[in-house]
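# Tertiary structure, described
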Amino acid sequence: MTKEELEELEERKEIEAIRIRMTGMTTRLADSFIQELYHNPNKWITIHDHYPSRNADRMLLEKILRRMEYEHPYDKVDVDKLNNRLKLTASQSEFITRKLNNIK
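Nothing here was measured: the structure is a model prediction, and the numbers come from that model. (Residues numbered from 1 in each chain as written. Predicted model: local features only at pLDDT ≥ 70, side-chain atom pairs only at ≥ 80, totals over all residues. Heavy atoms only, no water.)

### Thoughts on helix α3 (residues 54-71)
Here is the rule we go by: Helix and strand assignments come from DSSP, with helices taken as H or I runs of at least 4 residues and strands as E runs of at least 2, each series counted from the N terminus. Helix span is expected to be 1.5 Å times the residue number reduced by one. Relative accessibility thresholds used throughout: buried, under 20% of the residue-type maximum; exposed, over 50%; partly exposed, between the two (1.4 Å probe, protein chains only).
In this model α3 runs 26 Å from its N-terminal to its C-terminal C-alpha over 18 residues, within 8% of the 26 Å that 1.5 Å per residue would give. Within α3 the residues assigned to the buried category are Ala56, Asp57, Leu60, Leu61, Ile64, Leu65 and Met68.

### So, the packing of helix α2 (residues 25-39) against α3
To be explicit about the condition: The angle between two axes is taken between their N-to-C directions and runs from 0 to 180 degrees, where each axis is a line fitted to C-alpha atoms and a helix contributes only its stretch in contact. Here roughly perpendicular refers to angles of 65 to 115 degrees, roughly parallel to angles under 35, roughly antiparallel to angles over 145, and oblique to all remaining angles. Rotating anticlockwise by less than a right angle from the far helix to the near helix defines a left-handed crossing, while the corresponding clockwise rotation defines a right-handed one. Should any heavy atoms of two residues lie within 4.5 Å, those residues are counted as being in contact.
One way to put it is that α2 packs onto α3 with a least axis distance of 10 Å and a crossing angle of 60°. When the interaxial angle is binned, α2 and α3 end up oblique. Every pair of crossing elements has a handedness; the one defined by α2 and α3 is right-handed. Along the contact surface, α2 presents Thr26, Thr27, Leu29, Ala30, Asp31, Phe33, Ile34 and Tyr38, while α3 presents Leu60, Lys63, Ile64, Arg67 and Met68.

### Brief notes about the environment of valine 79
Structurally, the position occupied by valine 79 is in strand β2 (residues 76-80). A C-alpha to C-alpha distance of 9.8 Å links valine 79 and isoleucine 45, two positions 34 residues apart in sequence. Valine 79 has contacts with Trp44, Leu61, Leu65, Arg85 and Leu86, leaving out every residue within four places of it along the chain.

### Let's talk about the sheet that holds strand β3 (residues 85-90)
What counts here: Should DSSP find at least two bridges between two strands, the strands are regarded as paired.
Judged by pairing direction, the sheet is antiparallel, and its three strands sit side by side in the order β1-β3-β2 without closing on themselves. Two strands in the sheet have a free side with no partner beyond their single neighbour: β1 (45-46) and β2. In the sheet, β2 pairs with β3 via five bridges, with the strands oriented antiparallel. By the bridge assignment for β3, valine 79 is matched with leucine 86.

### With respect to the nonpolar core
Inclusion rule: Only buried residues count toward a nonpolar core. Its members are Ala, Val, Leu, Ile, Met, Phe, Trp, Tyr and Cys residues joined through side-chain atoms within 4.5 Å.
Core analysis: the biggest nonpolar cluster contains 15 residues, and Phe33, Ile47, Leu60, Ile64, Met68, Val77 and Leu86 have the highest contact counts within it. For this core, the elements supplying multiple residues, two or more each, are α2, α3 and β3. If sequence neighbours within four positions are ignored, leucine 60 has contacts with Thr26, Leu29, Ala30, Phe33, Ile47, His48 and Asp49.

That's the geometry; what it means functionally is another story.
Encoded structure:
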């Protein structure tokens, strides 16, 4: 291959990577995984991004953690970064429900 052909091939790879990464799919996956955490409390949820790389999976895990801190600051999430997974161990709504049940 010529130098120009190699450069064109590399450019095509970069364009394809950008096309795959800029779909909004990661944000929708973050939403989905957060819902899965609340539907499966105390169970490990393994996080995988649509882009096939360990780094993309790690970045999605970090995005979910930031959202949990911002949107659900009183809920507790255990993190297993080695296996890229999360577990919801306590939620504010669960706490409130227990308190209300004890009042009755």
